[in-house]
Amino acid sequence: MSKRDERAAAAARLAEEARRRERRGVVVKVSALVLALIAIVAVCVVIGLSNGGDGKVDTDAATSSDNATYSLSVGNPSAPHTIVIYEDFLCPFCDQLELASRDKLAQLAADGKVYLQYRPFRLLSPDYSGQALNAFAVVLTTSGPDVAKRFHDLLYENQPEESGPFPKVSELVDLAVKAGAEESAVRAGIEDTSSQKAWTDGATRAAQKAHVEGTPTILLDGRQFQDGDTVPELAANLIKAVS
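Along every chain, residues carry numbers that run from 1 in the direction the sequence is written. Local features are withheld for residues below a pLDDT of 70 in this predicted model, meaning they are given only at 70 or higher, and side-chain atom pairs are given and counted only at 80 or more; totals for whole chains, interfaces and linings count all residues. With hydrogens and water stripped out, all remaining heavy atoms of the structure feed into the side-chain values.

S.K.: Quick rundown of the overall build of the protein chain? Include the residues and the values.
M.R.: The helix and strand inventory of the protein chain stands at eleven helices and five strands. Only protein chains enter the accessibility calculation, which uses a 1.4 Å probe; a residue is then buried when its area is under 20% of its type maximum, exposed when over 50%, and partly exposed in between. Looking at the protein chain residue by residue over its 243 residues, the buried ones come to 49%. Sequence separation of 24 or more characterises 80% of the internal contacts of the protein chain that already satisfy a separation of 6 or more. Only the protein chains shown count as cover for residues, with accessible areas throughout obtained via the Shrake-Rupley method and a probe of 1.4 Å. Total accessible area on the protein chain stands at roughly 11,400 Å², and carbon and sulfur atoms take up 50% of it. Numbering of helices and strands runs from the N terminus, with a helix taken as a DSSP run of H or I at least four residues long and a strand as a DSSP run of E at least two residues long. The contact criterion used throughout is that any non-hydrogen atoms of two residues lie within 4.5 Å.

S.K.: Go over the pairing of strand S3 (residues 114-120) with me, naming the residues and quoting the values.
M.R.: Of all seven residues making up S3, seven are buried, and the element is well covered by its neighbours. Side chains Val 114, Leu 116, Tyr 118 and Pro 120 of S3 all project onto a buried face; the interleaved residues Tyr 115, Gln 117 and Arg 119 project onto the opposite face, where all are buried too. At least two DSSP bridges between two strands are required for those strands to pair. The sheet contact formed by strand S1 (residues 72-74) and S3 spans three bridges and is antiparallel. By the bridge assignment, Ser 73 is partnered in S3 with Gln 117. In the sheet, strand S2 (residues 81-87) pairs with S3 via seven bridges, with the strands oriented parallel.

S.K.: Which residues make up the packing of helix H6 (residues 127-143) against helix H8 (residues 169-179), and what values go with them?
M.R.: Under this scheme, a helix contributes an axis fitted over its contacting stretch, all axes are lines through C-alpha atoms, and angles between N-to-C directions fall in the 0 to 180 degree range. Close contact between H6 and H8 brings their axes to 11 Å; oriented N to C, the two are set at 35°. Helix-helix and strand crossings are classified by hand; for H6 and H8 the assignment is right-handed. Between H6, through Tyr 128, Gln 131, Ala 132, Ala 135 and Val 139, and H8, the contact on the second element is made entirely by Val 169, Leu 172 and Ala 176. Considering only residue class, the contact of H6 with H8 consists of seven nonpolar, one polar and no charged. Left-handed is the label given to a crossing in which the near helix is rotated counterclockwise from the far helix by less than a right angle, and right-handed is the label when the rotation is clockwise. Polar here means any residue other than Ala, Val, Leu, Ile, Met, Phe, Trp, Tyr, Cys and Pro, which are nonpolar, and Asp, Glu, Lys and Arg, which are charged; Gly is therefore polar.

S.K.: Describe in detail the packing of aromatic side chains, supporting the description with residues and values.
M.R.: Pairing of aromatic side chains requires ring centres within 6.5 Å, counting the rings of Phe and Tyr and the six-membered ring of Trp. Pairs whose planes differ by under 30 degrees are stacked, by over 60 edge-to-face, and all others tilted. If you walk through the whole model with that rule in mind, you get six aromatic pairs. A ring pair is formed by Tyr 86 and Phe 121, whose centres lie 6.2 Å apart and whose planes are at 80°; its orientation type is edge-to-face. Here Phe 121 lies in the loop between S3 and H6 and Tyr 86 lies in strand S2, a separation of 35 residues in the sequence. With centroids separated by 5.5 Å and ring planes inclined at 50°, the aromatic side chains of Phe 89 and Phe 136 adopt a geometry described as tilted. One end of the pair, Phe 89, is in the loop between S2 and helix H5 (92-110); the other, Phe 136, is in helix H6, with 47 residues separating them in the sequence. Phe 136 matches Phe 89 in its accessibility class, with the two residues each being buried. One aromatic cluster is present, built from ring pairs that chain together Tyr 70, Phe 89, Phe 136, Tyr 156 and Trp 199.

S.K.: So what's going on with the pairing of strand S4 (residues 217-220)? Residues and values would help.
M.R.: Here S4 shows two buried faces, one formed by Thr 217 and Leu 219 and the other by Ile 218 and Leu 220. As paired strands, S2 and S4 are joined by four bridges and run antiparallel to one another. Within S4, the position partnered with Ile 85 by the bridge is Ile 218. Two elements, S4 and strand S5 (residues 223-224), share two bridges in a ladder whose sense is antiparallel.

S.K.: Hey, could you go over the environment of Cys 91 for me, with residue numbers and the actual values?
M.R.: Residue position: Cys 91 is located in the loop between S2 and H5. Judged by its relative accessible area of 0%, Cys 91 is buried. The spacing of Cys 91 and Gln 159 is 68 residues in sequence and 8.6 Å in space, taken between C-alpha atoms.

Spelled out as C-alpha coordinates, the structure:
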(Lines give C-alpha, C1' and ligand atoms only; values in the text may rest on other atoms or scores of the structure.)
Protein backbone atom coordinates (compact mmCIF):
# COMPACT_ATOMS: atom_id res chain seq x y z
CA MET A 1 0.00 0.00 0.00
CA SER A 2 1.39 3.45 -0.94
CA LYS A 3 1.85 6.25 1.59
CA ARG A 4 -1.03 8.09 -0.02
CA ASP A 5 -3.29 5.05 0.27
CA GLU A 6 -2.27 4.62 3.91
CA ARG A 7 -3.26 8.22 4.67
CA ALA A 8 -6.56 7.82 2.85
CA ALA A 9 -7.26 4.57 4.73
CA ALA A 10 -6.44 6.23 8.04
CA ALA A 11 -8.82 9.08 7.26
CA ALA A 12 -11.54 6.61 6.30
CA ARG A 13 -11.10 4.70 9.55
CA LEU A 14 -11.40 7.91 11.54
CA ALA A 15 -14.52 8.92 9.63
CA GLU A 16 -16.12 5.52 10.26
CA GLU A 17 -15.26 5.72 13.94
CA ALA A 18 -16.90 9.14 14.13
CA ARG A 19 -20.05 7.79 12.49
CA ARG A 20 -20.18 4.86 14.93
CA ARG A 21 -19.90 7.21 17.87
CA GLU A 22 -22.65 9.39 16.49
CA ARG A 23 -24.92 6.39 16.11
CA ARG A 24 -24.28 5.60 19.76
CA GLY A 25 -25.44 9.10 20.59
CA VAL A 26 -22.02 10.51 21.37
CA VAL A 27 -21.42 13.91 19.84
CA VAL A 28 -17.99 13.93 18.25
CA LYS A 29 -16.74 17.48 18.23
CA VAL A 30 -14.59 18.76 15.41
CA SER A 31 -11.85 19.69 17.86
CA ALA A 32 -11.58 16.09 19.05
CA LEU A 33 -11.39 14.86 15.47
CA VAL A 34 -8.68 17.40 14.75
CA LEU A 35 -6.63 16.07 17.66
CA ALA A 36 -7.03 12.53 16.40
CA LEU A 37 -5.95 13.49 12.92
CA ILE A 38 -2.99 15.46 14.20
CA ALA A 39 -1.90 12.38 16.16
CA ILE A 40 -1.58 10.62 12.79
CA VAL A 41 -0.05 13.33 10.66
CA ALA A 42 1.91 15.11 13.41
CA VAL A 43 2.54 18.49 11.82
CA CYS A 44 -0.09 19.43 9.23
CA VAL A 45 -2.65 22.05 10.10
CA VAL A 46 -6.21 20.76 9.75
CA ILE A 47 -9.23 22.26 8.03
CA GLY A 48 -10.65 25.47 9.43
CA LEU A 49 -7.68 26.64 11.48
CA SER A 50 -7.50 30.33 10.77
CA ASN A 51 -6.35 33.69 11.95
CA GLY A 52 -7.18 34.72 15.48
CA GLY A 53 -9.12 31.57 16.15
CA ASP A 54 -12.31 32.98 14.62
CA GLY A 55 -12.39 30.49 11.73
CA LYS A 56 -12.77 33.25 9.16
CA VAL A 57 -10.78 34.01 6.06
CA ASP A 58 -10.67 37.62 4.85
CA THR A 59 -12.67 36.94 1.72
CA ASP A 60 -12.19 40.48 0.38
CA ALA A 61 -8.44 39.94 0.39
CA ALA A 62 -8.82 36.41 -0.93
CA THR A 63 -10.79 37.59 -3.95
CA SER A 64 -8.42 40.46 -4.73
CA SER A 65 -6.32 40.56 -7.86
CA ASP A 66 -3.19 40.21 -5.71
CA ASN A 67 -4.29 36.77 -4.54
CA ALA A 68 -5.52 35.75 -7.98
CA THR A 69 -2.04 36.47 -9.36
CA TYR A 70 -0.74 33.37 -7.57
CA SER A 71 -3.23 30.92 -8.98
CA LEU A 72 -3.36 27.99 -11.33
CA SER A 73 -6.68 28.50 -13.09
CA VAL A 74 -8.74 25.74 -14.65
CA GLY A 75 -11.94 26.24 -16.63
CA ASN A 76 -13.99 29.19 -17.83
CA PRO A 77 -13.96 32.35 -15.65
CA SER A 78 -17.59 32.85 -16.65
CA ALA A 79 -18.69 29.53 -15.11
CA PRO A 80 -21.55 29.82 -12.60
CA HIS A 81 -19.33 28.73 -9.69
CA THR A 82 -15.80 29.65 -8.67
CA ILE A 83 -13.80 27.45 -6.31
CA VAL A 84 -10.55 28.63 -4.75
CA ILE A 85 -8.35 26.10 -2.96
CA TYR A 86 -5.41 27.20 -0.82
CA GLU A 87 -2.98 24.33 -0.35
CA ASP A 88 0.51 23.25 0.65
CA PHE A 89 2.11 20.48 -1.41
CA LEU A 90 3.27 18.74 1.78
CA CYS A 91 -0.07 18.83 3.61
CA PRO A 92 -1.65 15.35 3.72
CA PHE A 93 -5.13 16.80 4.13
CA CYS A 94 -4.66 18.60 0.81
CA ASP A 95 -3.72 15.24 -0.67
CA GLN A 96 -6.90 13.72 0.75
CA LEU A 97 -8.93 16.54 -0.79
CA GLU A 98 -7.23 15.90 -4.12
CA LEU A 99 -7.96 12.19 -3.88
CA ALA A 100 -11.62 12.82 -3.11
CA SER A 101 -12.37 15.70 -5.49
CA ARG A 102 -9.86 16.11 -8.29
CA ASP A 103 -11.47 14.06 -11.04
CA LYS A 104 -14.98 15.34 -10.37
CA LEU A 105 -13.85 18.96 -10.18
CA ALA A 106 -11.91 18.56 -13.41
CA GLN A 107 -15.02 17.22 -15.13
CA LEU A 108 -17.17 20.04 -13.76
CA ALA A 109 -14.61 22.55 -15.04
CA ALA A 110 -14.57 20.86 -18.46
CA ASP A 111 -18.38 21.02 -18.52
CA GLY A 112 -18.29 24.76 -17.86
CA LYS A 113 -19.89 24.51 -14.43
CA VAL A 114 -16.90 25.44 -12.27
CA TYR A 115 -13.94 27.77 -12.50
CA LEU A 116 -11.08 26.48 -10.34
CA GLN A 117 -8.22 28.40 -8.83
CA TYR A 118 -5.53 26.39 -7.06
CA ARG A 119 -3.40 28.62 -4.85
CA PRO A 120 -0.42 26.78 -3.42
CA PHE A 121 1.69 28.57 -0.83
CA ARG A 122 4.17 27.65 1.86
CA LEU A 123 2.52 26.89 5.18
CA LEU A 124 4.61 24.04 6.60
CA SER A 125 8.21 24.37 7.75
CA PRO A 126 10.12 21.46 6.10
CA ASP A 127 12.28 22.55 3.17
CA TYR A 128 10.35 20.29 0.81
CA SER A 129 7.28 22.53 1.12
CA GLY A 130 9.26 25.43 -0.32
CA GLN A 131 11.11 23.29 -2.86
CA ALA A 132 7.88 21.88 -4.28
CA LEU A 133 6.31 25.33 -4.42
CA ASN A 134 9.35 26.73 -6.22
CA ALA A 135 9.27 23.84 -8.69
CA PHE A 136 5.58 24.43 -9.32
CA ALA A 137 6.21 28.12 -10.03
CA VAL A 138 9.00 27.19 -12.44
CA VAL A 139 6.75 24.82 -14.36
CA LEU A 140 3.83 27.26 -14.41
CA THR A 141 6.06 30.08 -15.66
CA THR A 142 7.96 28.13 -18.29
CA SER A 143 5.50 25.47 -19.43
CA GLY A 144 2.03 26.95 -19.00
CA PRO A 145 -1.06 26.03 -16.99
CA ASP A 146 -1.86 22.67 -18.61
CA VAL A 147 1.56 21.21 -17.81
CA ALA A 148 1.51 22.92 -14.41
CA LYS A 149 -1.80 21.24 -13.59
CA ARG A 150 -0.38 17.81 -14.46
CA PHE A 151 2.69 18.60 -12.36
CA HIS A 152 0.42 19.77 -9.51
CA ASP A 153 -1.39 16.44 -9.62
CA LEU A 154 1.85 14.45 -9.73
CA LEU A 155 3.18 16.30 -6.69
CA TYR A 156 0.21 15.00 -4.70
CA GLU A 157 0.37 11.52 -6.19
CA ASN A 158 4.00 11.35 -5.05
CA GLN A 159 3.64 13.31 -1.82
CA PRO A 160 6.12 12.25 0.89
CA GLU A 161 5.27 11.83 4.55
CA GLU A 162 5.27 15.22 6.26
CA SER A 163 8.09 14.03 8.51
CA GLY A 164 10.16 12.71 5.58
CA PRO A 165 12.15 11.27 4.02
CA PHE A 166 11.81 13.84 1.27
CA PRO A 167 12.51 13.50 -2.46
CA LYS A 168 15.68 14.91 -3.95
CA VAL A 169 15.27 18.07 -6.00
CA SER A 170 16.27 16.04 -9.06
CA GLU A 171 13.15 13.94 -8.51
CA LEU A 172 11.04 17.09 -8.79
CA VAL A 173 12.69 17.70 -12.16
CA ASP A 174 11.75 14.17 -13.20
CA LEU A 175 8.11 14.76 -12.20
CA ALA A 176 8.06 18.03 -14.15
CA VAL A 177 9.32 16.26 -17.25
CA LYS A 178 6.76 13.50 -16.72
CA ALA A 179 4.08 16.21 -16.62
CA GLY A 180 5.20 17.43 -20.03
CA ALA A 181 7.78 20.11 -19.30
CA GLU A 182 10.98 20.34 -21.32
CA GLU A 183 13.86 19.35 -19.06
CA SER A 184 16.07 22.10 -20.47
CA ALA A 185 13.42 24.67 -19.57
CA VAL A 186 12.92 23.63 -15.93
CA ARG A 187 16.00 21.87 -14.57
CA ALA A 188 18.04 24.93 -13.63
CA GLY A 189 15.07 26.71 -12.07
CA ILE A 190 13.97 23.72 -10.03
CA GLU A 191 17.47 22.84 -8.85
CA ASP A 192 17.96 26.45 -7.74
CA THR A 193 15.31 26.21 -5.04
CA SER A 194 15.05 30.00 -4.67
CA SER A 195 14.81 30.80 -8.39
CA GLN A 196 11.12 31.72 -8.06
CA LYS A 197 11.46 33.45 -4.69
CA ALA A 198 9.45 36.48 -5.79
CA TRP A 199 6.54 34.22 -6.81
CA THR A 200 6.68 31.87 -3.83
CA ASP A 201 7.06 34.67 -1.30
CA GLY A 202 4.29 36.61 -3.01
CA ALA A 203 1.94 33.62 -2.92
CA THR A 204 2.63 33.08 0.77
CA ARG A 205 2.18 36.74 1.64
CA ALA A 206 -1.07 36.88 -0.32
CA ALA A 207 -2.42 33.87 1.59
CA GLN A 208 -1.35 35.42 4.90
CA LYS A 209 -3.00 38.71 3.94
CA ALA A 210 -6.23 36.79 3.43
CA HIS A 211 -5.78 35.21 6.90
CA VAL A 212 -5.35 31.75 5.42
CA GLU A 213 -3.53 29.83 8.13
CA GLY A 214 -4.72 26.28 7.50
CA THR A 215 -4.79 23.94 4.54
CA PRO A 216 -6.79 23.09 2.65
CA THR A 217 -8.81 26.30 2.80
CA ILE A 218 -11.67 26.47 0.29
CA LEU A 219 -13.71 29.39 -0.99
CA LEU A 220 -16.90 28.79 -2.97
CA ASP A 221 -18.22 31.79 -4.87
CA GLY A 222 -16.27 34.16 -2.65
CA ARG A 223 -17.30 32.60 0.67
CA GLN A 224 -15.36 30.23 2.87
CA PHE A 225 -16.62 26.66 2.51
CA GLN A 226 -16.46 24.53 5.67
CA ASP A 227 -19.33 22.09 5.20
CA GLY A 228 -17.86 18.86 6.54
CA ASP A 229 -16.19 17.44 9.63
CA THR A 230 -13.72 15.32 7.65
CA VAL A 231 -11.91 15.89 4.38
CA PRO A 232 -14.01 13.29 2.50
CA GLU A 233 -17.20 14.94 3.78
CA LEU A 234 -15.88 18.37 2.81
CA ALA A 235 -15.07 17.13 -0.70
CA ALA A 236 -18.42 15.37 -1.14
CA ASN A 237 -20.38 18.42 0.03
CA LEU A 238 -18.35 20.73 -2.20
CA ILE A 239 -19.05 18.59 -5.27
CA LYS A 240 -22.74 18.46 -4.36
CA ALA A 241 -22.89 22.23 -3.96
CA VAL A 242 -21.68 22.90 -7.51
CA SER A 243 -23.18 19.97 -9.39
